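Chains, contacts and geometry: an overview
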Amino acid sequence: MFDIKWIRANADAFDAAMGRRKNVSVRSSDLLAIDDRRREIISRLNEAQEKRNTLSKQVGQAKAQKDEAKAAELMAEVARLKEFIPSGEAEERAVEKELRDVLSAIPNMAFEDVPVGDDESGNVEYFGPNGSPATAAQQRPAKPSFSFAPKEHFDIGVAEKNMDFEAAAKLSGSRFVVLKGQIARLERALGQFMLDLHTTEFGFTEVQPPVLVRDEAMYGTGQLPKFDGDFFFTEHGDSRLALIPTAEVPMTNLVRESILAEEELPIRFTALTPCFRSEAGSAGRDTRGMLRQHQFNKVELVAITTPEEAVNEHERMLLTAETVLQRLGLHYRVMTLCTGDLGFGARKTYDIEVWLPGQDTYREISSVSVCGDFQARRMEARYRPSGEKQAPRYVHTLNGSGTAVGRCLIAVLENYQQEDGSVVIPEALRPYMGGLTSIGGR
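Description of the structure in this document. (Residues numbered from 1 in each chain as written. Predicted model: local features only at pLDDT ≥ 70, side-chain atom pairs only at ≥ 80, totals over all residues. Heavy atoms only, no water.)

To continue, consider the overall build of the chain. Regarding its fold elements, the chain presents 13 helices and 18 strands. Each principal axis of the C-alpha distribution contributes one length, and for the chain these read about 110 × 50 × 40 Å. Burial statistics for the chain: of 442 residues in total, 48% are counted as buried. Pairs at least 24 apart in sequence give 72% of the contacts found in the chain among residues at least 6 apart. Put simply, the chain shows about 21300 Å² of open surface, and 47% of that area lies on carbon and sulfur atoms. Across the chain, the mean location of the 55 positive side-chain charges is 2 Å away from that of the 66 negative side-chain charges. (Helix = DSSP H or I, 4+ residues; strand = E, 2+ residues; numbered from the N terminus. Buried < 20%, exposed > 50% of the residue type's maximum accessible area, 1.4 Å probe, protein only. Contact = heavy atoms within 4.5 Å. Areas by Shrake-Rupley, 256 points an atom, 1.4 Å probe, with all protein chains shown as cover. Lys, Arg positive; Asp, Glu negative; His and termini not counted. Charge placed at Lys NZ, Arg CZ, Asp CG, Glu CD.)

The structure is reproduced here in structure tokens:
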């Protein structure tokens, strides 16, 4: 969320940044007009309060001089001002809410190096801050080759027996699945493997957060109010709670309304949770299989850091997520999202797209974003710089999938499938699978 004072001081920069975002029509003049009304109301209120204070003193003076007529005249004016001030304060609150509502619906500004584009066709493949295509290609696992036509995940023998969409439809409707037996165990193994990797090798602290959160938490990370229709809610007494669309929401909000010491940063959290999304607007897309579900498991990464370290932390978080796919031997590519495909709260995002041979295409398995102070302003999350005494500054926040467990399951099934319907277990997962080297098969 933006600071109106910054917009007033940097109107041209704000307009240029919003001009690069897709379908954003708001301009600084619109916002400053609302702020001008707010400032004019505040000015009138201040004048009225000062006049009331002055007149109240004059009432006392008139009474001391036994000038009852003058005192009555002054008291009448004080009474009129007392009636005006509450209405003026109500008007001020209404305009402040109007301004806050408009500001809260404006997306973040993209970094200057984010490519400009209208949609995903404008995304650009990324090879690292100092990488070249040749170097990066050597670090990524190669595409698998098959002597048979590879199947999609739901048609692979072991999955057909243990991936039950019909039973899930009876229980919950479309876009749900029941996993059983060896497939359920494989998904559990993937989540455990990811958590162990992130906590033991990359310094993330494991968190087990609530999966129901208040509206304030969803507002803090930017899901509300703009995307209210994209989530599931449940009533709780006189208020509602949201089922989290990602563990980014509760983990980032762990620092809300806090002033941290700079020495505490960076803070890095990771969690494996179920996630819930209504998939509004996705009718007809990915209706078969597990690619687009209302409920799915995901390992999330969150980092809280200083403005100076945010960009470096972004690259580090990308490496963390990439390492999952490298250890699993899954071919992938990294894309820098263009301005037309960039998420609401992000200043820059890398998408990791894993290769799915059954579909003969790449599909997103992780998004890694740096948000600047956009979320911190909504959460009032700050830190106190070390050294000389300075006013607290807003932290910078980052989040990324480390990775989507269900989509990673799909990738393992499709990339390691065998002609007889079995699936070879990647070496990194075998300790989590009781030493099994494959599952299924005739």
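Right, let's talk about the pairing of strand β10 (residues 295–305) for a bit. With respect to burial, β10 is a largely interior element, 9 of its 11 residues being buried. Looking at chain direction, strand β9 (residues 267–276) and β10 are connected through 10 bridges and run antiparallel. Bridge assignment links Phe 269 to a residue of β10, and that residue is Val 302. Relative to strand β16 (residues 396–404), β10 is paired through 7 bridges, and the arrangement is antiparallel. The residue of β16 that forms the bridge with Val 302 is Asn 399. (Pairing = 2+ DSSP bridges.)

A few words on the pairing of strand β11 (residues 332–336). The element β11 is extensively covered by neighbouring structure, given that 4 of its 5 residues are classed as buried. Bridge count between strand β1 (residues 124–125) and β11: 2 bridges; the pairing is antiparallel. Note on β11: the bridge partner recorded for Glu 125 is Met 335. Across 5 bridges, the pairing between β11 and strand β12 (residues 348–356) is antiparallel.

This next bit is on the sheet that holds β16. A sheet is described by the order of its strands in space; here 8 strands give the open sequence β1-β11-β12-β13-β16-β10-β9-β4, paired in mixed fashion. Edge positions in the open sheet fall to β1 and β4 (205–206), since each of these has one partner strand only. Contacting β9, β10, β11, β12, β13 (361–370) and β16, helix α11 (residues 310–328) crosses the sheet at an angle of about 5° to β16. (Axes fitted to C-alpha atoms, helices over the stretch in contact; angles between N-to-C directions.)

Take Glu 313: it is sitting in helix α11. Apart from the residues within four sequence positions on either side, Glu 313 is in contact with Pro 266, Arg 268, Ala 303, Thr 305 and Leu 398.

Here we take up the packing of aromatic side chains. Working definition: an aromatic ring pair is given by the centre-to-centre distance plus the angle between the planes. Going through the model one piece at a time under the given rule, you end up with 9 aromatic pairs. Each ring, one from Phe 2 and one from Phe 14, has its centre 5.3 Å from the other, and the planes form 90°; the classification is edge-to-face. Pair noted here: Phe 2 is in the segment before α1 (4–9) and Phe 14 is in helix α2 (residues 11–20), with a separation of 12 residues, a long-range link. On the basis of relative accessibility, which here comes to 10%, the residue Phe 2 falls in the buried class. Among the residues examined, Phe 14 registers a relative accessible area of 0% and is labelled buried. (Phe/Tyr/Trp six-rings, centres within 6.5 Å; stacked < 30°, edge-to-face > 60°.)

To continue, consider the sheet that holds strand β5 (residues 212–213). Spatial ordering of the open sheet is given by β5-β7-β6, a layout of 3 strands whose pairing is antiparallel. At either end of the open sheet lies a strand with only one pairing partner, and these are β5 and β6 (233–236). Here β6 pairs with strand β7 (residues 239–243) via 4 bridges, running antiparallel. Within β7, the position partnered with Phe 233 by the bridge is Ala 242.

Glancing now at the packing of helix α8 (residues 181–201) against helix α13 (residues 405–415). At a closest axis distance of 10 Å, the pairing of α8 and α13 adopts a crossing angle of 115°. Judged by the sense of rotation from one axis to the other, the crossing of α8 with α13 is right-handed. Contact with α8, carried on its side by Ile 183, Leu 186, Glu 187, Leu 190, Gly 191 and Met 194, involves Val 405, Gly 406, Cys 408, Leu 409, Val 412 and Leu 413 of α13 and no other residues of that element. (Left-handed = near helix turned anticlockwise from the far one by under 90°.)

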